[in-house]
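Residues per chain are reported as follows:
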Amino acid sequence: MAIIPTPQGTLNRIRASVIFSGFPSLSVTSSFLSKRGITATFSGKTTVFIDTMTGRVTSPEPYLSVMLTVHLIKSQYLANLYKNQWEFLSLLGDCVVRPDAATLQPYSFTNCAIEGPGNLDFSGADADFPVEIGGTYQVNSALFI
């Protein structure tokens, strides 16, 4: 019997973007990104398990923390706009992140703010200008019904 492989799909490295509704000038598309693109790191648990004498009780959490690292190109004006923003007021509000796979729906993050720059290399050999943006990712929406 022949095994028919499942199609693996395609990633589109220029699809990813970050769009800020309250700060459209800080929205990021592929032409502003270094090769490292955008990364999202989630922390926390969607469900906490509380031990009892005879088992475990589940307690779903309403949100996860997220840290976006947006790897801008420091030789473009958008990097300086971010620098000016964190120097003036780091609060950004809500954003939508479109991933690199068309099969994944966009992620909506709330209450975002610039936490700071990542490691900056001023040797003239690295174009990366990482900006770390913290926010909240709502999960377990059925809790609010």
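Per-chain numbering applies: the sequence of each chain, read as written, is numbered from 1 onward. Reporting of local features is limited, given that this is a predicted model, to residues whose pLDDT is at least 70; pairs of side-chain atoms are given and counted only at 80 or more, and all residues count toward the totals for whole chains, interfaces and linings. Hydrogens and water molecules were not included; the side-chain quantities draw on all heavy atoms of the structure.

*Asks:* Any details on the nonpolar core? Residues and values, ideally.
*Replies:* Put simply, a nonpolar core is a bunch of buried Ala, Val, Leu, Ile, Met, Phe, Trp, Tyr and Cys residues held in one set by side-chain atoms that sit within 4.5 Å of each other. Type-normalised accessible area, obtained with a 1.4 Å probe on protein chains alone, sets the label of each residue: buried when under 20%, exposed when over 50%, and partly exposed for intermediate values. With 24 residues, the main nonpolar core has Val18, Phe20, Val28, Leu72, Tyr82, Cys95 and Ile133 as its most contacted residues. Numbering goes from the N terminus for both helices and strands, where a helix is a DSSP run of H or I of at least four residues and a strand is a run of E of at least two. At the level of elements, β1 (17–20), β2 (33–43), β5 (63–73), α1 (77–88), β6 (91–98), β7 (107–117) and β8 (128–138) are the ones that each hand at least two residues to this core. It is β5 that contributes the most residues to this core, four residues altogether. We call two residues in contact when some of their heavy atoms are within 4.5 Å. If we skip the residues at most four places from it in the chain, isoleucine 133 touches Phe20, Val66, Met67, Leu68, Val70, Tyr82, Leu92, Cys112, Ala113, Ile114 and Glu115.

*Asks:* Can you break down the pairing of strand β3 (residues 47–51) residue by residue, with the values?
*Replies:* Along any regular strand, the residues point their side chains to alternate faces of the sheet. Strands are labelled as partners when DSSP assigns at least two bridges between them. Sheet topology places β3 next to strand β4 (residues 56–60); five bridges connect them, and they run antiparallel. Bridge pairing in β4 links threonine 47 to proline 60. Connecting β3 to the antiparallel partner β4 that follows it, the hairpin turn spans four residues.

*Asks:* Account for the environment of leucine 68, with residues named and values stated.
*Replies:* Within the secondary structure, leucine 68 sits in strand β5. Expressed as a C-alpha distance, the spacing of leucine 68 and cysteine 112, which sit 44 residues apart in the sequence, is 9.5 Å. Excluding residues within four positions of it along the chain, leucine 68 makes contact with Thr39, Ala40, Cys95, Val97, Phe109, Val131, Glu132 and Ile133.

*Asks:* Outline the side chain of threonine 69, listing residues and values.
*Replies:* When you line up the elements, threonine 69 lands in strand β5. You can call threonine 69 buried: its relative accessible area is 12%. Setting aside anything within four residues of it in sequence, one finds threonine 69 in contact with Gly37, Ile38, Thr39, Pro130, Val131 and Glu132.

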